[in-house]
Amino acid sequence: MNLLQFIWSTSLVLALSSLMVMVVLVLRRMRDERRARQEQHVRGIIQKILFNYMDSDWMSGQKDLNNLMNMNRAAQHVLRTLTIDLCHLIQGQERQQLTSLLTRSGFRDECVLDLRSKIVEDRRSAASALQLFSDSTTEQALLAALDDEDGRVRLAAAGSLKMINALPDLRVLVQKLEEKDVLASRDVRTLFRDLARRTPLSLRQLAADADGDTQLKIVLADAMSEASDFRLLEDLYRFANDDDLDVRTTALRSLGTLQHPDASAVVEHSLSDAHWQVRAVAAGAAGQIGLEHLVPQLSTLLDDDSWWVRFRSAEALSDLGATGRQALRERAAIVRSVNDNAGGRMAALLLDEHGLHELVPFADAEQAETAGQVPSHA
């Protein structure tokens, strides 16, 4: 075989391989679309059964019960997914009726059994679905699931225990979720934010013991933004002076959300932090809280080396009423300054965004054009 034949043979093999791969992908796409249509059809049937039962009297329950008990495994998976969705939508009598029907159909028992399944997704969905059932059997099964080897299952179990008001001591819960990848997840933050709304003082107990756990302090500082008890401010002040950069920024972000004026001293101190991330968040917090006496410091930060600090400071000034806007106008009118007048351009940019650009007292049109330029690295 000469070189030309080899090239042609190789090209033919590659072309046939590409064609086969394309055929396989098309077949998989067709299979997935057919499965999705089937699941959607089954979901519609199950949804109709559940809604009919919740809307009717108990005499029609036996027919609905029989329909649910005769479902195959695939349909039971769809039922579990739909149940998890409904958990967040229904309350009161309808929720009680749905729980009664699912209990009689064996749904609860199937979920408890699936907590021991070898398939992680089955265990996770089972743990999530059990939030409808508040009996002792469910509680014990979910508490045992907090020791599951997979963090997603433990987190789903914790969420269901929260819904049935059966969470263990928070120190125990943190130990169960201590893996960093779990504590750093969005679901953990959602869980602790809800705890902050329900039992804010319980977070104070954790905060007192969190000195060596950076990730836990970040979760707690984030959750405290939802607390209605301002006694948690003391913990946020401490976190805002933590050695860890992420802890400081998270605490300052929460202080800005809470908008309590007593945070003034902490925010002012953070405006001169060595890290630009902290200065930027502190500037934003000053604007959210409405700390007008920090206008001079924010004006100075318009010349910061970091673009984000300049931007957040300009935003804060625009949020601080007439005093802050006047500081922006004065800064935008200065053509020559440090950082090649980056602060003046940023001030002009924010004034323009708020429709106040025409009020800037520029000396001439050329100066106005210069101050209105956006930094090239923005």
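The coordinates are above.
Read on for an overview of the structure. In every chain, residue numbers begin from 1 and rise along the written sequence. Given that this is a predicted model, residues contribute local features only at a pLDDT of at least 70 and side-chain atom pairs are listed and counted only at 80 or more, while totals for whole chains, interfaces and linings are drawn from all residues. With hydrogens and water set aside, each side-chain value is computed from the structure's full complement of heavy atoms.

To continue, consider the pattern of salt bridges. Think of a salt bridge as a Lys or Arg side-chain nitrogen and an Asp or Glu carboxyl oxygen that are within 4 Å of each other. Taken as a whole, this structure holds 24 salt bridges when the rule is applied. In this structure, aspartate 147 engages lysine 176 in a salt bridge whose closest nitrogen and oxygen atoms are separated by 2.5 Å. Within this pair, whereas aspartate 147 is found in the loop between helix H7 (136-145) and helix H8 (151-163), its partner lysine 176 is found in helix H9 (residues 170-176), the two being separated by 29 residues in sequence. Working definition: with a 1.4 Å probe on protein chains only, accessible area under 20% of the residue-type maximum means buried, over 50% means exposed, and in between means partly exposed. With relative accessibility at 53%, the residue aspartate 147 sits in the exposed group. In this structure, aspartate 242 engages lysine 217 in a salt bridge whose closest nitrogen and oxygen atoms are separated by 2.7 Å. Linking aspartate 242 in the loop between helix H14 (233-240) and helix H15 (245-258) with lysine 217 in helix H13 (residues 214-223), this pair joins segments that are 25 residues apart in sequence. Residue aspartate 242 shares its accessibility class with lysine 217, and that shared class is buried. Each of Lys162, Asp194, Arg197, Arg198 and Glu226 takes part in a single network of salt bridges with overlapping partners. Each helix is a run of DSSP H or I of at least 4 residues and each strand a run of E of at least 2, with the numbering of both proceeding from the N terminus.

Residues belong to one nonpolar core when they are buried, are Ala, Val, Leu, Ile, Met, Phe, Trp, Tyr or Cys, and are joined through side-chain atoms within 4.5 Å. Ranked by size, the top nonpolar core spans 101 residues in total, and within it Phe192, Leu203, Leu220, Leu252, Leu255 and Val267 carry the most contacts. With eight residues, helix H17 (residues 276-289) is the single largest residue contributor to this core. Note on contacts: a residue pair qualifies if any of its non-hydrogen atoms lie within 4.5 Å across the two residues. In this view, leucine 252 contacts Ala240, Val266, Val267, Ser270, Val278, Val281, Ala282 and Ala285; residues no more than four positions away in its chain are not counted.

Moving on, we come to the layout of surface pockets. Cavity and pocket criteria rest on a 1 Å grid covering protein atoms alone: a 1.4 Å probe that fits but cannot get out defines a cavity, protein on both sides within 12 Å along at least 5 of 7 lines defines an open pocket, and an atom within 4 Å of a point defines a lining residue. Grid points are joined across faces, edges and corners, and a volume is the space filled by probe spheres set on the points. Approximately 510 Å³ is the volume found for the largest pocket. As for the largest pocket, its lining consists of 21 residues, and the residues nearest its centre are Ser128, Leu155, Ala156, Gly159 and Asp187. Only helix H6 (120-129), H8, helix H10 (180-183) and helix H11 (186-198) provide two or more residues apiece to the lining of the largest pocket. Among the elements that make up the lining of the largest pocket, the one with the highest residue count is H8 (eight residues). Each residue gets one label: Ala, Val, Leu, Ile, Met, Phe, Trp, Tyr, Cys and Pro are nonpolar, Asp, Glu, Lys and Arg are charged, and the others, such as Gly, are polar. When grouped by side-chain class, the residues that make up the lining of the largest pocket number six nonpolar, eight polar and seven charged. Within this model, the second largest pocket holds a volume of roughly 160 Å³. Taken together, Leu252, Arg253, Trp276, Ala280, Val281, Gly284, Ala285, Gln288, Trp308 and Arg312 make up the lining of the second largest pocket.

Turning next to a nonpolar patch on the surface. Think of a patch as exposed residues, more than 30% relative accessible area, with no salt bridge, where like charges cluster within 9 Å and nonpolar side chains (Val, Leu, Ile, Met, Phe, Trp, Tyr) cluster within 5 Å. Surface accessibility follows the Shrake-Rupley procedure with a 1.4 Å probe radius. Residue values consider only the protein chains on display as shielding. Taken together, the side chains of Leu12, Leu16, Leu19, Met22, Val23, Val26, Leu27 and Met30 define a hydrophobic patch exposed on the protein surface, amounting to about 770 Å² of accessible area. Along the chain, leucine 27 turns up in helix H1 (residues 3-55).

On to the environment of glutamate 315, then. Within the fold, glutamate 315 resides in helix H19 (residues 307-319). The spatial distance from the C-alpha of glutamate 315 to the C-alpha of arginine 325 is 9.8 Å, given a sequence separation of 10 residues. Think of a polar contact as two N or O atoms within 3.5 Å of one another; within protein, one of them needs to be a possible hydrogen donor and the other a possible acceptor, and neighboring residues in sequence only count if both atoms come from side chains. A distance of 2.9 Å separates polar atoms of two side chains, one belonging to glutamate 315 and the other to arginine 312.

We now examine the packing of H19 against helix H20 (residues 321-332). Here H19 crosses H20 at 135°, and the two axes come no closer than 6 Å. With respect to H20, the axis of H19 lies oblique. Of H20, the residues touching H19 (which contributes Ala314, Leu317, Ser318 and Asp319) are Gly321, Gly324, Arg325, Ala327 and Leu328. Residues of the contact of H19 with H20, tallied by class, amount to four nonpolar, three polar and two charged. Here, axes are lines fitted to C-alpha atoms. For helices the fit covers the stretch in contact, and angles between N-to-C directions go from 0 to 180 degrees. In this scheme, roughly parallel covers angles under 35 degrees and roughly antiparallel covers those over 145, while 65 to 115 is roughly perpendicular and the rest are oblique.

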